[in-house]
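Observations on the model geometry
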Amino acid sequence: MSSALTDLCHYPIVQAPMAGGASCPALVAAVCEAGGLGFLAAGYKTADGMYQEIKQVRGLTNRPFGVNLFMPQPEYADPAAVDVYRHQLAGEATWYQTALGDPDSGRDDGYDAKLAILLDDPVPLVTFTFGCPTREVVQALQRVGTRSAVTVTTVDEARAAQQAGADAVCVQGIEAGGHQGTHRDNPEADCSGVGLLSLVAQVREAVQLPIIAAGGIMRGSQIAAVLAAGAELAQLGTAFLVTPESGAPTLHKQAMTDPLFTRTELTRAFSGRPARGLVNRFLREHGPYAPAAYPQVHHMTSPLRKAAAKAGDPQGMALWAGQGHRFARELPAGQLVEVLAAELDAAKAALGQRGAA
């Protein structure tokens, strides 16, 4: 593994930062203690909420871990389109007996305040999603001993990360569950993302940065594949979402292997940005009409999603899931890391035997 990442974990296994509660301190610590690299998701939290979770992780493990930040979003949503979608969701609000959220609740996700905390009380690694930080931010983190990585979905985004001085890139394939971490939300590019193995190979040839590969990885053999393609680490989200330590709702965990949910799709229905989730009623009914308006749509639908979860109705929840969700295993997080590592070793051995044949 590259020196920029090699001392952060014993195994090349990263637990993805899953915003919304799944990546809680208990999960992060369990992954770290087992030899993987755990990640807190600062997205949708207050700056103080993020800080409190950092303190909790430090109380549970002394091993390296990371924190993921959402980049502030530019103002380019069409207010009229947002208003039309609000009217479309009126029936959902009536059904779940809750008011829609305020679409103008903020676009920066408390970025500056969170960054200030991370510069004052550094963590080993900070990653950025939905954009690329400035060179000044990257250098400020480096001065306090923090490495940085930028989530990228194209070669051009990887080049931007290298130009900003990032220490690594997290290459996200189209297979990934949850939000696509594109730097620019372009509706014309919806569903045009590149598969992980192809994207890793493209980025490997385009930039001189260590790669964390993310997207649909559920087995050790897949980890071996992305390492062979040029990645240093493999990042898994859906695989860890179903663990007992995960803070995801029970309904979300159960849906991963529920035969009622047969496939995933990219949708703007819940947040206004493309995100991969299990196809349910809400996605089918509203996905075709949801505007490109993040985080406005996220703020609007947040009360609906919470009400659906409270009512025990997965058909109204954002069931984020990668394409490999059927391979989910309900193992404790630490045991899952060990199983993945054993599968990785077996895959490497099999490849070696084939190569020697």
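Described below are features of the structure shown in this document. Predicted model, so just to flag it, every value in this text is computed and none were measured. (Residues numbered from 1 in each chain as written. Predicted model: local features only at pLDDT ≥ 70, side-chain atom pairs only at ≥ 80, totals over all residues. Heavy atoms only, no water.)

To continue, consider the packing of aromatic side chains. Tallied over the entire structure, the rule returns six aromatic pairs. Ring geometry for F270 and F282: centres 4.8 Å apart, planes at 20°, overall stacked. Highlighted residues: F270 in the loop between β10 (264-267) and β11 (275-278) and F282 in helix α12 (residues 281-286), separated in sequence by twelve residues. (Phe/Tyr/Trp six-rings, centres within 6.5 Å; stacked < 30°, edge-to-face > 60°. Helix = DSSP H or I, 4+ residues; strand = E, 2+ residues; numbered from the N terminus.)

A word on the environment of P288. One can find P288 in the loop between α12 and α13 (296-310). Given the relative accessible area of 60%, P288 is considered exposed. A sequence separation of 121 residues divides P288 from D167, and the C-alpha atoms of the two residues are 38 Å apart. (Buried < 20%, exposed > 50% of the residue type's maximum accessible area, 1.4 Å probe, protein only.)

So, on to the layout of surface pockets. The rolling of a water-molecule-sized probe over the atoms marks out the regions of remaining empty space. In this structure, the second largest pocket spans a volume of roughly 330 Å³. Forming the boundary of the second largest pocket are 17 residues, of which T153, T154, T182, A189 and S192 lie nearest the centre. Of the residues contributing to the lining of the second largest pocket, the split by class is six nonpolar, seven polar and four charged. (1 Å grid on protein atoms, 1.4 Å probe; cavity = no way out; pocket = protein on both sides within 12 Å on 5 of 7 lines; lining within 4 Å. Points joined across faces, edges and corners; volume = space filled by probe spheres on them. Nonpolar A, V, L, I, M, F, W, Y, C, P; charged D, E, K, R; others polar.)

So, about helix α8 (residues 196-206). Residues L196, L199, V200 and V203 constitute the buried set of α8. Buried residues of α8, seen end-on, are gathered within an arc of 100° and therefore sit on one face of the element. Those residues of α8 that are buried are in contact with β5 (147-152), α7 (155-163), β6 (168-172), β8 (211-214) and α9 (220-229). (Arc of directions from axis to C-beta. Contact = heavy atoms within 4.5 Å.)

Next up on the list: the side chain of K114. For K114, the location among the structural elements is in helix α5 (residues 111-120). For K114, a relative accessible area of 1% corresponds to the buried category. Engagement of the side chain of K114 in a polar contact is seen with the backbone oxygen of A42, the distance being 2.7 Å. (Polar contact = N/O pair within 3.5 Å; in protein donor to acceptor, adjacent residues only side chain to side chain.)

Okay, the packing of helix α3 (residues 79-88) against α13 next. α13 packs onto α3 with a crossing angle of 15° between their chain directions and a minimal axis gap of 11 Å. The orientation of α3 relative to α13 falls into the category roughly parallel. When the axes of α3 and α13 are compared, the crossing they make is right-handed. Packed against α3, whose contacting residues are V82, Y85 and R86, the element α13 presents Q296, V297 and M300 at the interface. Each residue belonging to the contact of α3 with α13 can be placed in one class, and the counts come to four nonpolar, one polar and one charged. (Axes fitted to C-alpha atoms, helices over the stretch in contact; angles between N-to-C directions. Parallel < 35°, antiparallel > 145°, perpendicular 65-115°, else oblique. Left-handed = near helix turned anticlockwise from the far one by under 90°.)

A few words on unusual backbone geometry. Here the bond from Y294 into P295 is cis, since omega is 5°, no more than 30 degrees from zero. With respect to the secondary-structure elements, P295 resides in the loop between α12 and α13. Here the phi dihedral of Y44 falls at roughly 70°; this positive angle occurs in a residue that is not glycine. Its place among the elements puts Y44 in the loop between β2 (38-41) and α2 (47-60). The partly exposed category is assigned to Y44, whose relative accessible area is 30%. In this model, D109 sits at a positive phi of 55°, which is unusual for a non-glycine residue.

What follows deals with the sheet that holds strand β4 (residues 125-129). In any sheet, the strands associate via hydrogen bonds between backbone groups, in a parallel or an antiparallel arrangement. Reading across from one edge, β1-β9-β8-β6-β5-β4-β3-β2 is the order of the eight strands in this open sheet, with parallel pairing throughout. One side of each edge strand has no neighbouring strand; the edge strands of this open sheet are β1 (13-15) and β2. Averaged over all neighbouring strand pairs, the angle between strand axes comes to 25°, with direction disregarded. With four bridges connecting them, β6 and β8 associate as parallel partners. Following the sheet pairing, V171 is matched in β8 by A213. Lying over the sheet, helix α1 (residues 25-33) contacts β1, β2 and β3 (65-70), oriented at roughly 160° with respect to β2. Together, β2 and β3 form the strand contacts of α2, whose direction differs from that of β3 by roughly 170°. (Pairing = 2+ DSSP bridges.)

Before going further, it helps to spend a moment on the pairing of β3. The buried fraction of β3 is high, at six of six residues. Burial along β3 is two-sided: F65, V67 and L69 facing one way and G66, N68 and F70 facing the other are all buried. With four bridges connecting them, β2 and β3 associate as parallel partners. Bridging across to β3, F39 finds its partner in G66. The handedness of the β2 to β3 crossover, carried by α2, is right-handed. Here β3 runs beside β4; their pairing, made up of five bridges, is parallel. Counterpart to N68 in the pairing with β4 is T127. (Right-handed = clockwise from strand over helix to strand, strands pointing away.)

A separate point is the nonpolar core. Residues V171, V203, L236 and F240 are the most contacted members of the largest nonpolar core, which totals 74 residues. With residues up to four places along the chain from it excluded, the contact list for F240 reads I13, V14, Q15, M18, L27, V31, S246, A333, L336, V337 and L340. Core analysis: the next-biggest nonpolar cluster, separate from the first, contains 21 residues, C32, M50, L118 and V137 among them. (Core = buried A, V, L, I, M, F, W, Y, C linked by side-chain atoms within 4.5 Å.)

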